[in-house]
Amino acid sequence: MSESIGAGYDVHRPEDRELMLEAIGLASIDELFAKIPRDLRLQRLMDLPPPLSEWELDRHVRALASANATTLTHLSLLGGGAYDHHVPAVVSDIASRGEFLTSYTPYQPEMSQGMLRVLHDFQLLLGRLLGLPRANSSVYDGATALAEAAWMACSIRQVPRIAVAETIWPEWRAVLDTYMDGRGVTIHPVAADPDSGLVAPESLERTLARTPMAALVVQTPNMFGVVESIRPLAAICKAHGALTNVSCYPMLLGLVQSPGEQGADIATCEAQSLGLWLNAGGPYLGVIATRDEYELFLPGRIVGECDDLKGEPALALVKEQREQHVSRDKATSHICSNQALMALRAVVYLSTVGEGGFRRLSRLNAQKAHYLCDRLCSLPGVALAKSGRFFNEFLLSLPGDAASVLRSLRDERIFGGIDFAGLDPRYRHHLLVAVTETRSKGELDRIVAAFARALSAAPRVDAGGDRA
Amino acid sequence: MKTASVLDRSRQGFGGAAVFDPEFPDVAGTEWFPADEVRTAPIGLPELSELEVVRHFTGLSHGVHGVDSGPYPLGSCTMKYNPKRNDALARLDGFARAHPRQPADTLQGLWDLSLDLQRFIAELTGMDAVSLQPAAGAHGELAGLLIMRKYFAERGEPRRIILIPDSAHGTNPASAAMVGYECKIIPTTPDGLMDLAAMDRLLDRNVAGLMLTNPSTLGLFEENITRIGQRVHDQGALLYYDGANLNALMGIVRPGDMGFDLVHINVHKTLSTPHGGGGPGAGPVGVKAFLEPYLPVPVIRRVAGRAVPDHDRPSTIGKIKTHFGHTEVLVKAYCYVLTVGALGLKTATENAVLNANYLQAKLADLLPPVFHERCMHECLLSGGTLKVSPFDFVKRLIDFGVHPPTLVGAGCVHFAKQYEAAMLIEPTETESLPSLDSMIEKFRKVAREAAVAPYMIETAPHTTAVAKIIKDQAAYISLLEATTP
Ligand SMILES: Cc1ncc(COP(=O)(O)O)c(C=O)c1O
């Protein structure tokens, strides 16, 4: 390898190149590209920065990284679909093993049994968590899982209409809109009770009675942090022949009955909380689980059991007739590359924390969030905005302007939550606050004191208020 | 021997990791939820000690072949070296521990990096604007097709058809269907190129676009690209570039200069990010200036000298996933471009094409090229003259530490029926000459063995945890027939 600028990961010596060209019967590298019309070719080097040595790269990228604040530099109460849970060191260690990290989709099962086993366990464990036996081995994220599952329901029922709770996290709803639009599926809103924040059964009943729907799509906890009771909703859906399609936060499921136990037909989740770093938004981990009878409507890879030539049990990608490489435009989805390594993280995570640890983590999240909520609600003018039960994220109404409270908190290196006005302009002084197991009591107390200071500094809204 | 499930190692009652916080003594779930909603039945999660967990997964990794383990000439998948420095830098707290809902001005490093990477990819592809959001190649296709549809919708042209060559990857027609397009398929000529006359017959003002992979998944450069572009554009339609094979062209010719209006690239192929046993990848989408208004939100732009995310874009196709894209993956791609620079990318391409042609030349007597010409970054060789089936042949390579190339039903590309016995071999740009020679020798050894001891091959592999797995090839091929026009 020459020391020329831009050698990068070059692997050939000049004499290697000559030898190879000779074997091919060519005189120059340029001849390899003879089929490419000359007039189309780039006549200059691409305009890119000069290559960096490893130490220069290290310094440069570290500088970029440190230009970001993080949940380490600030005390964070941010949630909204992505949560600052602890990631055991074991998870990252296993996930960086080169065999897992640098392999492709397990197209050759004989040399991928280890990865296939991990993915099969992922399907099993997520199926157990969600309470539905058939899970796929991941899609891009929680929002695309919700959208793909909505299409699944339309295909199962052969009805291009879905009832959608208006309390789905808005960004997820936007993804759903994008995905459904192309498929020609119409979305029919189901309202929530303004006080509890829960989906209103009457509204669901009305929507389903008007026209047949493929499914109700509902999220728990919803955008207000309110945990839905799925059972009564599933009963209404069943009576109208619609499927119940639930998107949920897996951390809740160590505490509350699974969607499957509560009667859901399809469940999806964003599994970022199962051993994935926040990663400034991705990669995350979507998964879909369903009943046995709907398995062939699942998008994406499924790992299943098969026999090898000797009749011994083995694993392989199965039921591929659903997929794009076989059925092309008739496939259940276009997904090809998925989030396999993230699924591996989730399996290692669940194995590490275990049954007992996972359940305790769920309770700890609820416990800490309720502790903070109680303390904050004891501050003058602060109240829970919705009466429905919450898990680890809750909506507060404040006596002052949420944006200015957040600004004051930030001066104390606290990310105090999400200004709800950005999601729904009717909520002008509301803050969505999330707490995970990683916040200590001391930190929570410090946060309460900082809130008290921030509130006294914030411009007050008039008493008549504009409570939505 | 069958691998164990982590559940096989679980000892019920062990519990799992100690999770505690002495300041919050444990309470029952009924503290917050009614008894009939609290989860009481066991979930069935594993219960192991941490050491047992580590040994279990370490054991499983031993049966997995990665680029780190040996050659991986899986055609169209570009299984080249995934530089370790990129992994290390993507793990930095400043990326890994940043929350996507932080105030935008606390993520300046992310926006600066994204803006630069967008520019690098625009330069690499000859496009004017890039979004880094798509999660993978197929997701980039979805974004691109949505952009196409929105563009025509705004012009009041209800075009409904997408043209796709029969050699296209399955994601192309599947993505088109998700956007509500009808697919019409263009056959391949005997010399491996798209059939122009067939294209002409299908092309009219109902066609929204043509999706093309160039070089194609048959390893050939589509020489007629200028004419194809002209005819597509003459009908007011758009030309879409599937960038899965862009590692054949870096710094040589750019999709934008070939007449393409939109592209996606697979950073987990072209820009060296590891594929993680199936993902995550990233599939940035690039467009010419007239399509920029339609990009998914947010778009990272420079405003008053600062990179910022812009959500306020009236013509956008909307959101295609949560947040901004696969940050961790994109950091790796960024590091790769900064490490190799313009010349390094061009060298990578030259090596990719050189390696594939070398392999093709050295194997031609045993596995003749399907198209009697030079290939690009991958070669399509015929296993038709072997004494064993190509399927059996490649399984024997496993015993010698080489990952099989792409075959019908075993890999990520789609072969029309006539190439049933073909194998698509992409040695990639990071295999050295000694490594190529050793790989070639292994192919030859298996071919020699086929003549004298076919049984050894038919029952291969012999060194893996499980014996040969025969997925239902017959069923697969009949399905393929049903779906091939
Ligand atoms: C030609 C081609 N197009 C599209 C894709 C899909 O890309 P991804 O798997 O990233 O979704 C692939 C990858 O398998 C491919 O080879």
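Residues numbered from 1 in each chain as written. Chains lettered and ligands numbered in written order. Predicted model: local features only at pLDDT ≥ 70, side-chain atom pairs only at ≥ 80, totals over all residues. Heavy atoms only, no water.

### Digging into the sheet that holds strand β6 (residues 243-248) of chain A
All names here are of chain A. Strand order in the open sheet formed by 7 strands is β2-β8-β7-β6-β5-β3-β4, with mixed pairing between adjacent strands. Of all the strands in the sheet, the pair left with one neighbour each is β2 (134-135) and β4 (186-190). Bridge count for strand β5 (residues 215-220) against β6 is 6 bridges, and the pairing is parallel. Counted as the bridge partner of A215 is L243 from β6. Packing of helix α5 (residues 113-130) onto the sheet brings it into contact with β2, β6, β7 (266-270) and β8 (286-290), and relative to β8 it is tilted by some 70°. (Pairing = 2+ DSSP bridges. Helix = DSSP H or I, 4+ residues; strand = E, 2+ residues; numbered from the N terminus. Contact = heavy atoms within 4.5 Å. Axes fitted to C-alpha atoms, helices over the stretch in contact; angles between N-to-C directions.)

### Examining helix α10 (residues 390-399) of chain B
Most of α10 of chain B is tucked away: 10 of the 10 residues are buried. Within the sequence span of α10 of chain B, burial applies to P390, F391, D392, F393, V394, K395, R396, L397, I398 and D399 of chain B. (Buried < 20%, exposed > 50% of the residue type's maximum accessible area, 1.4 Å probe, protein only.)

### Topic: the nonpolar core
Residue and element names in this part refer to chain A. Residues F358, L372 and F394 are the most contacted members of the largest nonpolar core, which totals 122 residues. Among the elements that line this core, the one with the most residues is helix α11 (residues 340-377), at 20 residues. Structurally, this core is a two-domain feature, drawing no fewer than three residues from each of domain 1 (75-79 + 355-457) and domain 2 (93-349). Setting aside its immediate chain neighbours within four residues, F394 contacts F224, A369, L372, C373, L376, L384, L431, L432, V433 and V435. (Core = buried A, V, L, I, M, F, W, Y, C linked by side-chain atoms within 4.5 Å. Domains from an automatic or database assignment.)

### Considering the confidence of the model for chain A
Do not read the fine detail of predicted coordinates wherever pLDDT is low. Mean pLDDT over chain A stands at 95; residues scoring 70 or higher make up 97%. Between residues 463-468 of chain A, whose pLDDT stays under 50, and residues either more than four places distant or in other chains, the model counts 8 contacts. (pLDDT = per-residue confidence, 0-100.)

### Some remarks on the pattern of salt bridges
Scanning the entire structure with this criterion turns up 52 salt bridges over all chains. In this structure, R101 of chain B and E171 of chain A form a salt bridge, with 2.8 Å as the shortest nitrogen-oxygen distance. Of the two residues, R101 of chain B sits in the loop between α3 (93-96) and α4 (108-125) while E171 of chain A sits in helix α7 (residues 170-183), which places them in two different chains. Residue R101 of chain B is classed as partly exposed on the basis of its relative accessible area, which comes to 21%. Look at E171 of chain A and you get buried, because its relative accessible area is 13%. Salt-bridge contacts for R254 of chain B lead to D257 of chain B; the nearest nitrogen and oxygen are separated by 2.9 Å. Relative accessible area serves as the criterion here: at 9%, R254 of chain B is assigned to the buried category. Look at the salt bridges and you will find they share partners, linking R44 of chain A together with E123, R254 and D257 of chain B into a network. (Salt bridge = Lys/Arg side-chain N within 4 Å of Asp/Glu carboxyl O.)

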